[in-house]
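Structure assessment
Residue-level listing of the chains:
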Amino acid sequence: MRSPGAEHAYEVGDTVEVFCDHEKDKDRVRGWMKGIIVQVDNKMVAVQFRTNVFLTDGWMVPDRILWYPLTSEHIRPIGTQKKLGRKEILEY
């Protein structure tokens, strides 16, 4: 039995995939999209994107930052720069 807590330890600058509403080829779609973690606290993680993202009720997020609980199933790590050994430039 495991103690309750986050499955993954996130750090600022980590690249993650997030399941959200976003723009793709000028259409609004729901799916996995890459983003960069810009803030982490003990309960939530903030992910910023290079394309427009939307809230579930349809509003566009002006700063392109979505917040997720650390235990959310809608966020998953891709790999960190430390683990990859090189700086990765994201292509969206």
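See the structure above.
To start, this report covers the structure provided alongside it. (Residues numbered from 1 in each chain as written. Predicted model: local features only at pLDDT ≥ 70, side-chain atom pairs only at ≥ 80, totals over all residues. Heavy atoms only, no water.)

Time to look at unusual backbone geometry. For D25, which is not a glycine, the phi torsion comes out positive at approximately 55°. Along the chain, the position of D25 falls in the loop between β1 (15-24) and β2 (27-40). Taking relative accessible area as the criterion, D25 reaches 70% and is therefore assigned exposed. Positive phi, normally seen in glycine, also occurs at R64, with a value near 60°. Of note, R64 is situated in the loop between β4 (53-54) and β5 (65-69). (Helix = DSSP H or I, 4+ residues; strand = E, 2+ residues; numbered from the N terminus. Buried < 20%, exposed > 50% of the residue type's maximum accessible area, 1.4 Å probe, protein only.)

What follows is about the nonpolar core. The biggest cluster of nonpolar side chains holds 15 residues, and the ones touching the most others in it are V18 and F49. Of all the elements in the fold, those that place two or more residues in this core are β1, β2, β3 (44-48) and β5. Among the elements that take part in this core, β1 stands out by supplying 3 residues, more than any other. Beyond its immediate stretch of four places on either side in the chain, F49 contacts V18, C20, M33, K34, G35, R64 and L66. (Core = buried A, V, L, I, M, F, W, Y, C linked by side-chain atoms within 4.5 Å. Contact = heavy atoms within 4.5 Å.)

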